[in-house]
Amino acid sequence: MTIASLRESEAGDAVNATQLTDGIHLVVDALKLNEVEAVYGVVGIPITDLARLAQASGIRFVGFRHESAAGHAAAAAGFLTGKPGICLTVSAPGFLNGLVALANATVNCFPMVQISGSSERHLVDLQRGDYEEMDQLAAARQFAKAAYRVHRAEDIGRGIARAIRTAVSGRPGGVYLDIPAAVLGEVIDADLGAASLWRVVDPAPRQVPDAAALDRAIELLAGAQRPLVVLGKGAAYARADDEIRQFVELTGVPYLPMSMAKGLLPDDHPQSVASTRSLALRRADVVMLVGARLNWLLGHGDAPQWNSGAKFIQVDIASTELDSNQPIAAPLVGDVGSVMRALLERTKPGQIAVPASWRDELSARSADNVAKMAKRLKAAETAHPMKFLGALQAIRDVLRENPRAYVVNEGANALDLARNTIGMQVPRHRLDSGTWGVMGIGLGFAIAAAVESGDPVVAIEGDSAFGFSGMELETICRYGLPIVTVVLNNSGVYRGDAAASAAGDPAPTALRAQHDLMITAFGGKGYRATTPDEVTTALREALALGKPALIDCIIDPADGTESGNIAHLNPKGITVKS
Ligand code: ADP
Ligand code: TZD
């Protein structure tokens, strides 16, 4: 049904519908004009008709059980497509539920727009106690890249264009767009309405640094004894896969992929130093950061984790990122694709070469580390009860048979161990807790990956992490998405062997659930696996079926460490752990 015919059939006799439109139609028309294909949200006053009309107009509306998961889905869609993912929420509480995801998107530099209905301005602003009353614009501002409100139906097109442009240009991020109920219901002349909409042209323009900046970086890299490239999720987002690969392979510089940059080059690439990360950071004398920030995930670039004399080259779209932690000797402000292309053009053949001693030092350490890891993996293969590494090896092997599958990953041990065990072969196929280390992204990210790509998704979840978005199993089943949720169930946050309190209450870290039963309630297939072989069989079968499934992997409650590999961030004080 076209939007025009919908208008006619809905408006009935009351108005001459062919000449009138309203805020709801204008939002949908503006989204379509800007080629939005999917909207993730939860309906209610005042946006239910908006969701209905979006769906009727051909936009895929994915209805969630909680706005946080819908928002995370929109953020992941933004990362995966390079176009802002759209999340639709209701006033006040729905808006606030979505805000965590909007903030997380902003922190992770994913483009996303949260469009929220809001209550009547004349009641909210005098705090007269309206239904779902809240000054949402003021609340959103501090958590988003930008926040805008539309006051007139004729400004809807402008508001959506502005939100899209802001979300995706420069450093991508989350944008809030507030549309009060009265604006959604406002009726205006249809021609005026149509004329008020526009399509954003070249929403993320290319940006190249000048020749001097490029030469400065090339010379620094050419003079290095122990160069290193660090690839971050900004590099993955930039979709400059060929340029990055060519630059790395042409120069021979060793590279370290951050977790969501895994797969930009296949993880078994000979120049990857993932297995000798600490040595690479400690010894590198010139480091080229490509779409990666020197934040806590990279120890802020500080010694002794890093060589105190290291010089940094930074490729980033956001100029204010540079010098935020360490002096940047060679800034390259621009988009990764343009910068890498320009570097390839300006680097003379043989100008950047890597001393053999550096390559040898890294590969010797890598061989040691790989041998140590192989021992741990071997021991885990037969351990009973099953260990994280036992289950993860089984998952790794089945994923090798399915390289197109997306991997979503959250938890503490479940995150650290899966990241290190499971290699990625394809760019932008790993989505995880990201810069904040947030729990709750799991099923939302998985849903977006399945919706946007149609490909299978394996969500590898700690049992605590899973709980944050677990109800979205129903969403997965309702839409029949090819998502296999694998819960690494060690009966607790971090681990599951802590004693109950003297009064008999479970320990603060304790959990207890049989997750495979949950998905059967929604019509999906549940598996329970207690050995790596059972994990293999279940995952193989579930992926072959291509239907919603959940595998509850029963892991030794004593396996896992407190906070995974970031235990040092816990405050010390005088607390004694029982
Ligand atoms: P990681 O956690 O993988 O190390 P970060 O999220 O810390 O990565 O860093 C991503 C960086 O990439 C951000 O500083 C962001 O500004 C930058 N960025 C995002 N998109 C682009 C792009 N297209 N070109 C250049 N830089 C980008
Ligand atoms: N709440 C939110 C939104 N994000 C968080 N990161 C946390 C709480 C704290 N937290 C972590 O940092 S990891 C984690 C929590 C609750 C769960 C770890 O337990 P798990 O994984 O079962 O998911 P493992 O494999 O048992 O360690």
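This text gives an overview of the structure that appears in the document. Only a predicted model underlies this, so the values are computations on that prediction, with no experimental measurement involved. (Residues numbered from 1 in each chain as written. Chains lettered and ligands numbered in written order. Predicted model: local features only at pLDDT ≥ 70, side-chain atom pairs only at ≥ 80, totals over all residues. Heavy atoms only, no water.)

1. Section: helix 19 (residues 442–453)
Look at helix 19: 17 Å from first C-alpha to last across 12 residues, which is about the 16 Å you get at 1.5 Å a residue. Counted residue by residue, helix 19 has 10 buried out of 12 residues, so it is predominantly covered. Restricting attention to buried positions, one finds in helix 19 the residues G442, L443, G444, F445, A446, I447, A448, A449, A450 and V451. Positioned one or two residues after helix 19, G454 has a phi angle of 75 degrees, which is positive. (Helix = DSSP H or I, 4+ residues; strand = E, 2+ residues; numbered from the N terminus. Expected span 1.5 Å × (residues − 1). Buried < 20%, exposed > 50% of the residue type's maximum accessible area, 1.4 Å probe, protein only.)

2. Focus: the site of ligand 1
In the neighbourhood of ligand 1, 22 residues make up the surrounding shell, with R171, K233, R293, D316 and V336 lying closest. Within the backbone of G291, an N or O atom sits 3.3 Å from an oxygen atom of ligand 1. For ligand 1, a nitrogen atom lies 3.1 Å from a polar atom in the backbone of I317. Here ligand 1 has 580 Å² of accessible area as a free molecule, and 96% of this is covered by the chains. Here the shell around ligand 1 takes three residues from helix 12 (residues 233–237), the largest share from any one element. Considering only residue class, the shell around ligand 1 consists of 10 nonpolar, six polar and six charged. (Near = heavy atom within 4 Å. Polar contact = N/O pair within 3.5 Å; in protein donor to acceptor, adjacent residues only side chain to side chain. Areas by Shrake-Rupley, 256 points an atom, 1.4 Å probe, with all protein chains shown as cover. Nonpolar A, V, L, I, M, F, W, Y, C, P; charged D, E, K, R; others polar.)

3. So, helix 13 (residues 241–251)
Since the α-helix advances by 3.6 residues per turn, residues separated by three or four positions end up pointing in the same direction. All of the buried residues along helix 13 are D241, E243, I244, F247, V248 and T251. The inward-facing, buried residues of helix 13 abut helix 11 (211–222), strand 9 (227–231), helix 12, strand 10 (255–257), strand 11 (286–290) and helix 15 (336–346). Backbone geometry just downstream of helix 13 places G252 in the positive-phi region, at approximately 75 degrees. (Contact = heavy atoms within 4.5 Å.)

4. Describing the nonpolar core
Counting 110 residues, the largest nonpolar core has Y40, I244 and M288 as the members making the most contacts within it. It is helix 4 (residues 67–81) that contributes the most residues to this core, nine residues altogether. In terms of nonpolar packing, the next biggest core, distinct from the first, is built from 38 residues, V39, F61, A146 and A167 among them. (Core = buried A, V, L, I, M, F, W, Y, C linked by side-chain atoms within 4.5 Å.)

5. Details of the packing of helix 17 (residues 388–400) against helix 18 (residues 413–421)
Relative to each other, helix 17 and helix 18 sit at 45 degrees, their axes nearing to 10 Å. One finds that helix 17 runs oblique with respect to helix 18. Taken as a pair, helix 17 and helix 18 cross one another with a handedness that is right-handed. Contact with helix 17, carried on its side by F388, L389, L392, Q393 and R396, involves N413, A414, L417, A418 and T421 of helix 18 and no other residues of that element. Counted by class, the contact of helix 17 with helix 18 contains six nonpolar, three polar and one charged residues. (Axes fitted to C-alpha atoms, helices over the stretch in contact; angles between N-to-C directions. Parallel < 35°, antiparallel > 145°, perpendicular 65-115°, else oblique. Left-handed = near helix turned anticlockwise from the far one by under 90°.)

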